[in-house]
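# Structural overview for review
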Amino acid sequence: MEPILAGRRMRRNRRTDWSRRLVRETHLTVDDLIWPIFVVDGEGRRDAVASMPGVFRHSVDLAVAEAEKAARLGIPVLALFPYTDPDLRDENGSEALNPENLVCRALRAIKAAVPSIGLMTDVALDPYTSHGHDGLLAGDTILNDETVAQLVHQSIVQAEAGADIIGPSDMMDGRIGAIRAGLDRAGHMDVQIMAYTAKYASAFYGPFRDAVGTNKTLRGDKRTYQMDPGNSDEAIREAELDLAEGADMIMVKPGMPYLDIVRRLSETFAVPTFAYQVSGEYAMIHAAAMNGWLDFDRAMMESLAAFKRAGADGILTYFAPVVAERLKAGA
Ligand code: PBG
């Protein structure tokens, strides 16, 4: 029989495992991973987060052990999120400014025990406010400039406790510039800023709000400061501002539903661009796998490969330790 094609057979390169590996365009490595972990007061405490199978809130002593594990696996950065005791939450989120707060204690303990790992912190007021918003609330309005002043203070407190990367996730206007100036004035010119640049008002944060205890208390929603899911050009303007104000790295959040934004930002700006595979994305893959509807390992690895293909330089993901183990085992 005469061949039906004269040359272009795309399947030739796909025939064997070695060939598929040879022509693969993007690769996921452990260096791409940022592992978000939750901390809680107490000792020897390890509370499961019901909506995030395999995720726990660890007391500081056990968070140190998690950090040791991360370092052993070669994960470059941990991102810390506190579950603040409800008694310590108030209208103004004042606990965010306490140099002895949970995040600061965790930063100091991990820095002392595992100096080789990078530590990132979330700058926003939501784990500390009684109303669950990221900023100061007056009536039903989130005050911008007053909030920014407090976020600058929060950033300095975190930097003083050992944060290497400040991650403002609040979406107030002008906060990157103000935080950069505040950090520099306080002598922290080497502390990096990863801006939550395109952070959308998303339904996919539900399990995270369980983990930090804001789901039940959140009054209303966050649509007056987080981005509208229908927008893409607006992400460009946000990135222009964050970079002009001094962001070292930018981030898109959530991840998989917003890969188009990751692609646009990474191509337009050519700066380190990250994606946050958020709690709801993690929960969905687990839930489907638990029902036998998805192959857990393959769905997890494919979801992460997609971020690299979209142009992300790295991914914040709750899968980080599991993925790092797989990569180490040569999967
Ligand atoms: C809040 C913050 C949120 C997440 C990270 N920082 C939630 C929110 O904006 O309500 C979500 C992360 C996730 O869902 O995994 N400043």
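Residues numbered from 1 in each chain as written. Predicted model: local features only at pLDDT ≥ 70, side-chain atom pairs only at ≥ 80, totals over all residues.

The subject of this paragraph is the overall build of the chain. If you tally the helices and strands in the chain, you get eleven helices and twelve strands. Over its C-alpha trace the chain gives a radius of gyration of 21 Å, about what one expects of a compact globule, namely 20 Å for 331 residues. In terms of overall dimensions, the chain has a C-alpha envelope of 80 × 45 × 40 Å along the principal axes. Classification of the 331 residues of the chain by burial places 46% in the buried group. Sequence separation of at least 24 residues holds for 75% of the intrachain contacts in the chain that already meet a minimum separation of 6. (Helix = DSSP H or I, 4+ residues; strand = E, 2+ residues; numbered from the N terminus. Rg over C-alpha atoms; globule rule 2.2 N^0.38 Å. Buried ≥ 20, exposed ≤ 12 C-beta atoms within 10 Å, placed from the backbone. Contact = placed C-beta atoms within 7 Å.)

Turning our eyes to something else, we now look at the site of the ligand. Around the ligand, the neighbouring residues are Asp122, Ala124, Asp126, Asp134, Ser169, Tyr205, Phe208, Arg209, Lys222, Val278 and Ser279. Counted by class, the shell around the ligand contains four nonpolar, two polar and five charged residues. (Near = placed C-beta within 6 Å. Nonpolar A, V, L, I, M, F, W, Y, C, P; charged D, E, K, R; others polar.)

In this section: the UniProt feature "active site" (unreviewed entry) in the chain. Within the UniProt annotation, "active site" (unreviewed entry) is assigned to Lys199 and Lys253. These residues run over 55 residues, yet every pair of their C-alpha atoms falls within 4.9 Å of each other. The contact partners of Lys199, leaving out residues within four places of it in the chain, are Ser169, Met171, Gln226, Met227 and Lys253. Judged by the 24 C-beta atoms lying within 10 Å of it, Lys253 is buried. (UniProt positions renumbered as here; feature names shortened; annotations may be inferred.)

With that out of the way, let us pick up the nonpolar core. Counting residues in hydrophobic clusters, the biggest one holds 93 residues, and the most contacted among them are Val39, Leu78, Leu80 and Met251. Per-element tally for this core: the top contributor is strand S1 (residues 33-40), with seven residues. The residues touching Val39, leaving out its near neighbours within four places in the chain, are Arg57, His58, Val60, Ala63, Leu80, Pro82, Tyr83, Leu102, Val103 and Ala106. (Core = buried A, V, L, I, M, F, W, Y, C linked by C-beta atoms within 7 Å.)

This paragraph deals with helix H9 (residues 279-290). Counted at 1.5 Å a residue, the expected span for H9 with its twelve residues is 16 Å, and the 16 Å between its end C-alpha atoms agrees. Within the span of H9, buried status applies to Ser279, Gly280, Glu281, Tyr282, Ala283, Ile285 and His286. Elements in contact with the buried residues of H9: helix H6 (206-211), strand S11 (273-277) and helix H10 (296-309). (Expected span 1.5 Å × (residues − 1).)

This paragraph deals with the packing of helix H2 (residues 60-73) against helix H3 (residues 102-113). Two numbers describe a pair of packed helices, the interaxial angle and the distance between the axes. Running from N to C, H2 and H3 point in directions that differ by 45°, and their axes come no closer than 9 Å. The angle between H2 and H3 falls in the class oblique. When you trace H2 past H3, the crossing you get is right-handed. Of H3, the residues touching H2 (which contributes Val60, Ala63, Val64, Ala67 and Glu68) are Arg105, Ala106, Ala109, Ile110 and Ala113. For the contact of H2 with H3, the class distribution of residues is eight nonpolar, no polar and two charged. (Axes fitted to C-alpha atoms, helices over the stretch in contact; angles between N-to-C directions. Parallel < 35°, antiparallel > 145°, perpendicular 65-115°, else oblique. Left-handed = near helix turned anticlockwise from the far one by under 90°.)

Before going further, it helps to spend a moment on unusual backbone geometry. With omega at -10°, the peptide bond leading from Lys253 into Pro254 counts as cis. You can see Pro254 is positioned in the loop between strand S10 (249-253) and helix H8 (259-269). Phi is positive for Ala270, which is not a glycine, with a value near 50°. With respect to the helices and strands, the residue Ala270 is situated in the loop between H8 and S11. The exposure class assigned to Ala270 is exposed, which follows from the 9 C-beta atoms found within 10 Å.

Take Pro229: it is sitting in the loop between H6 and helix H7 (233-245). For Pro229, a count of 14 C-beta atoms within 10 Å gives the class partly exposed. Expressed as a C-alpha distance, the spacing of Pro229 and Gly162, which sit 67 residues apart in the sequence, is 34 Å. Pro229 has contacts with Tyr200, Ala201 and Ser202, leaving out every residue within four places of it along the chain.

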